[in-house]
Structures are given as C-alpha cells and as structure tokens.
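# Understanding the architecture of this molecule
Listed here are the chains, written in short residue letters.
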Amino acid sequence: MLLLAAAFIVAFVLLLYMVSPLISPKSLKLPGAHVVVTGGSSGIGKCIAIECYKQGAFITLIARDENKLLQTKKEIEKYSVNDKQVVLCISVDVSKDYEQVENVLKQAQEKLGPVDMLVNCAGTSVTGKFEDIEVNSFERLMAVNYLGSVYPSRAVIATMKERRMGRIVFVSSQAGQLGLFGYTAYSPTKFALRGLAEALQMEVKPYNVYVTVAYPPDTDTPGFAEESKTKPLETKLISETSSVCQAEQVARVIVKDAIQGNFNSSVGSDGYMLAILTSGMSPVTSITEGLQQVVCMGIFRIIGLFYLGSFDSIVRRCMMQREKSESTDKTE
C-alpha cells in the first residue's frame, strides 16, 4: 500500500513537471527587443541594462542625472553584439509629472519601436527610527519608489496589450517582503509594488503580458553604500545575518525571470525561502512553482520564526545597552 502511494506521488510530480511548460508563458526573445530601464544610470538598473544589451536588446535608459546617463551609455555600448544596437538616454524624473513621463516614452518608442520590456528600477531609501525620520521623507519615498513605477508602467501598458506581448518588472526589495527595524519609510513603498503587481498581472495576463516582482537582497551598489551611512545599529546588526550580493548577479537573475514571465524573482537561498513564505495569493507561473510553495511553506515558516526571534533579540539587546549607557551618563 505504501509503495502504491509512493508510486502515485512520484507519477503525480512527474506529470506536473511535464505539464508545467505547457501552461507557462513563452520566453521573451531579447535580440532586437526594446528594453526600457528606469533608474538605469547606476546600480542594479545599470547592470540590468548591460545584461539585456549583451543579449542583443535595444536599450532606453531613464534617470535624472544626465551626466551619469551619458557615462553609463558609453559603458553599456562596450558590450554590443551587433552594429544595429542603440542605447538611448533620457533625463527625466519618473516620479513627478505623468504627462512628461508619457511623452518621453512616446519619443523612445518612435525611435526604437514599441517597448517589449519595462524595468522599473528607479528608487531611493531612507533608514532610521520611525520618530526620527522627517515626515516629508515618507512622502518622497512613496513618490519615487511607488509612483515612479506607476507612471512608466501606465505609459506603456496600452501598447503592450494591443500587441499581445510585453514584460513589466517592478524592482522591490526583501524589505518589501519583511518589515525590518529602520525601514518604516522604505518598506511600505516596496510592499506597495507587490500589491500593484498582483492586481496588474490579473488584468494583463489574458493579453500575454507578464509582470515580475524582483526582491533583491542587500546589494553592493552606490545607493546601498549611501544608505549604510545612516543605518541604526539594530538595522546594521540584522543586516549582518545575510550576505551582500553583487549587482551583476542580481541583474542576471531578474532578467532571466522577466523574460521567462515569472511573477516572483529572488536571489539566493534566503530569497527563495522568503518568496515561498510570502507567496500568499500571488500568481504562479507554473504548477511546479505552486507545488513547491505548498510543500515548503510549513518548514520555512518554522525557520522564519527563528529568524524573527533573532531579530527581536537584537533589537531588545540594543535597547538595553542604550538605556544602560544613558543611565551611566546621567550618573556621571
């Protein structure tokens, strides 16, 4: 009886693996495709642009700093695979004026053709204790990290639906899966991208347009270096529990998942665990992915509770050390 049950389970899993490719989206071919990357002048955005360019794509880079854009353009062009490839640079703030964003994307499409893949990578971060963060920082981060992804996506989605093809990528963060000490201004903006992505995917899936949410871990970028300067001690100690990834590695994973039409994109073992733990009602790209979530959810929840306990211990220990230090100062 046990052998029969085991054989049935094995046969069922094999069937899932065989059927899965039939219901998964067809991969987007990057050679000749038009890829738009916001926040593309540095960090993960620049590396994503380079990765796509290496595979034969035409690139539109969007960022605020024109000088950085021109420097990045020269760097990307070193990786051309044919003489026809073009890197177009547009200096604009994607979070301020929707009409301006719409106009520059129309110009980009007139020059390089319809957008096949949009990568929303523009973002910024502020760390600190909730009561220490300026109120206008909450507004600014929501504008840049959330609306800065809404506006470009809104500008290209109609054409993608008309063409019955396209990819939209939202670069969130592991701080968009798990709220951590010091990220009360940043985390909500990245959580918001998840909600946008889930709702948008349900709308556009019948049109063969697929949405990807990327959850990169701490990544060695100029933005991460700047953020680290203002991190509270608790945040630094919690961050030490995971390693810092290279931007090139993160970019390769995001591009691969996006062209395959995967909804979730994560890096490393911690990223895989978080993706399953926070899958909730998010869409799956294949039956295999759904099966992995069902099987692994329980054990990963147990592991996650140990992580949360460790983080709470770090915060409590820092609080006690701070109070002890303050008490000593008053005595002296």
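Provided above is the structure to which this section pertains.
Residues numbered from 1 in each chain as written. Predicted model: local features only at pLDDT ≥ 70, side-chain atom pairs only at ≥ 80, totals over all residues. Heavy atoms only, no water.

Right, let's talk about the packing of helix 2 (residues 43–54) against helix 9 (residues 247–260) for a bit. The geometry of helix 2 relative to helix 9 is characterised by a closest axis approach of 8 Å and an angle of 60° between their N-to-C directions. Comparing the axis directions of helix 2 and helix 9 gives the class oblique. In the crossing of helix 2 with helix 9, the sense of the turn from one axis to the other is right-handed. Each of G43, I44, C47, I48, E51 and C52 in helix 2 lies in contact with helix 9, whose residues at this interface are A247, E248, V250, A251, R252, I254 and V255. Residues of the contact of helix 2 with helix 9, tallied by class, amount to nine nonpolar, one polar and three charged. (Axes fitted to C-alpha atoms, helices over the stretch in contact; angles between N-to-C directions. Helix = DSSP H or I, 4+ residues; strand = E, 2+ residues; numbered from the N terminus. Parallel < 35°, antiparallel > 145°, perpendicular 65-115°, else oblique. Left-handed = near helix turned anticlockwise from the far one by under 90°. Contact = heavy atoms within 4.5 Å. Nonpolar A, V, L, I, M, F, W, Y, C, P; charged D, E, K, R; others polar.)

We now examine unusual backbone geometry. Positive phi, close to 60°, is recorded for R164, a residue that is not glycine. Mapped onto the fold, R164 is located in the loop between helix 5 (135–163) and strand 5 (166–171). When its relative accessible area of 46% is taken as the criterion, R164 is described as partly exposed. One non-glycine residue, N208, lies in positive phi territory at about 65°. Summarising the element assignment, N208 is placed in the loop between helix 6 (187–204) and strand 6 (209–215). Overall, the relative accessible area of 35% leaves N208 in the partly exposed class. (Buried < 20%, exposed > 50% of the residue type's maximum accessible area, 1.4 Å probe, protein only.)

Summed over all chains, the structure comprises five aromatic pairs. Relative to Y151, the ring of Y98 has its centre 5.8 Å away and its plane inclined at 65°; by these criteria the two rings are edge-to-face. Within this pair, whereas Y98 is found in helix 4 (residues 98–112), its partner Y151 is found in helix 5, the two being separated by 53 residues in sequence. We classify Y151 as buried; its relative accessible area is 17%. Aromatic pair Y183 and Y186: ring centres 5.7 Å apart, planes at 50°, arrangement tilted. For the residue pair Y183 and Y186, the accessibility class agrees, reading buried in each case. Sitting over the face of the ring of Y207, K161 holds its NZ or CZ atom 4.6 Å from the ring centroid. (Phe/Tyr/Trp six-rings, centres within 6.5 Å; stacked < 30°, edge-to-face > 60°. Lys NZ or Arg CZ within 6 Å of the ring centre and 35° of its normal.)

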